[in-house]
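# Fold and geometry: a report
The primary structure of each chain is shown beneath.
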Amino acid sequence: MKKLLIFLFSLSLIAVIIALPKSFTEQSASFKNAIIVTDLVSAESIGEPFVINGNDAIIEVNEDDFSKILDKNDVKSVIFYLTENEFEQFESELRLQEISKIKLDNMDVTYSYTPLYSKSYISGGKKINAEIIRKDNQVIIGFPTIAIGY
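Just so we're clear, the structure is a prediction, and the values are computed from it rather than from any experiment. (Residues numbered from 1 in each chain as written. Predicted model: local features only at pLDDT ≥ 70, side-chain atom pairs only at ≥ 80, totals over all residues. Heavy atoms only, no water.)

## Comments concerning the pairing of strand β3 (residues 56–62)
- In the sheet, strand β1 (residues 33–39) pairs with β3 via seven bridges, with the strands oriented antiparallel. Residue pairing in the sheet places Val37 in a bridge with Ile58 of β3.
- Taken together, the three bridges between strand β2 (residues 51–53) and β3 define a ladder with antiparallel strand orientation. Of the residues in β3, the one forming a bridge with Asn53 is Asp56. (Pairing = 2+ DSSP bridges. Helix = DSSP H or I, 4+ residues; strand = E, 2+ residues; numbered from the N terminus.)

## Focus on the confidence of the model for the chain
- Here the chain averages 78 in pLDDT, while 78% of its residues score no lower than 70.
- Low pLDDT (under 50) marks residues 4–22, which in the prediction has 11 contacts with non-local residues, meaning those over four places away or in another chain. (pLDDT = per-residue confidence, 0-100. Contact = heavy atoms within 4.5 Å.)

## A word on the side chain of Ser42
- Structurally, Ser42 can be placed in helix α2 (residues 40–46).
- For Ser42, a relative accessible area of 13% puts it in the buried group.
- Those residues in contact with Ser42, other than ones at most four positions away along the chain, are Asn73 and Asp74. (Buried < 20%, exposed > 50% of the residue type's maximum accessible area, 1.4 Å probe, protein only.)

## Examining the nonpolar core
- One finds Phe66, Phe80, Ile141 and Phe143 to be the most contacted residues of the largest nonpolar core, which totals 25 residues.
- At the level of secondary structure, the elements contributing two or more residues to this core comprise β1, α2, β3, α3 (63–72), β4 (77–82), α4 (84–94), β9 (130–135) and β10 (138–143).
- By size, the runner-up hydrophobic cluster in this structure holds 11 residues, among which are Ile35, Val109, Ile128 and Ile133. (Core = buried A, V, L, I, M, F, W, Y, C linked by side-chain atoms within 4.5 Å.)

## A short note on the packing of aromatic side chains
- Under the criterion given, the structure shown has three aromatic pairs.
- Residues Phe80 and Phe143 carry aromatic rings whose centres are separated by 6.2 Å and whose planes lie at 75° to one another, so their mutual orientation is edge-to-face. Of this pair, Phe80 sits in strand β4 while Phe143 is found in strand β10, placing the two residues 63 residues apart along the sequence. Take Phe80 and Phe143: they sit in the same class, and that class is buried.
- Here the aromatic rings of Tyr117 and Phe143 are separated by 5.7 Å at their centres, their planes lie at 50°, and the arrangement is tilted. With Tyr117 in the loop between β6 (107–113) and β7 (121–123) and Phe143 in strand β10, the pair connects residues that are 26 residues apart, well separated along the chain. (Phe/Tyr/Trp six-rings, centres within 6.5 Å; stacked < 30°, edge-to-face > 60°.)

## Topic: the sheet that holds β2
- Sheet architecture is open: eight strands sit in the order β2-β3-β1-β4-β10-β9-β6-β5, paired in antiparallel fashion. Each edge of the sheet is formed by a strand with only one pairing partner; in this case those strands are β2 and β5 (97–104). Going from strand to strand, the sheet's axes swing by 20° on average, the running direction of each strand aside. (Axes fitted to C-alpha atoms, helices over the stretch in contact; angles between N-to-C directions.)

Below, the structure is given as structure tokens:
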């Protein structure tokens with residue numbers, strides 16, 4: 001019985017981890033547009049216009065198509081363009097934890113972590129999966145990073 005409970009717990013934990021990369025978008029604040037970075041094969045199957053960047057494809061999507069595209073495709077990065085007010089709602093819903101912050105030219109760059117998005121990388125021994133740029137009254141947030149530059 002103990003082994004069965006451990007097995008069921010492990011199975012449910014794996015199911016939650018698999019679902020996390022997409023679940024963060026269901027809780028997100030509304031946004032005007034988002035950018036998805038994916039591979040060229042996935043981009044062609046999505047059927048939206050895209051820009052080729054090396055081996056990647058950059059696709060701009062609206063809020064209505066976003067979840068559908070994210071649910072059916074593996075993405076390398078998701079980037080949102082938000083106002084400060086939209087970002088405040090987004091930040092609290094994602095439970096972002098600030099890891100580090102730097103000032104770069106006229107931008108504030110913050111590296112954070114959210115437990116709701118499983119893709120991450122390690123920097124300075126800490127997990128990071130959200131990069132936030134504030135510039136000119138706009139907030140750009142990328143999961144796990146802003147893969148297209150800023």
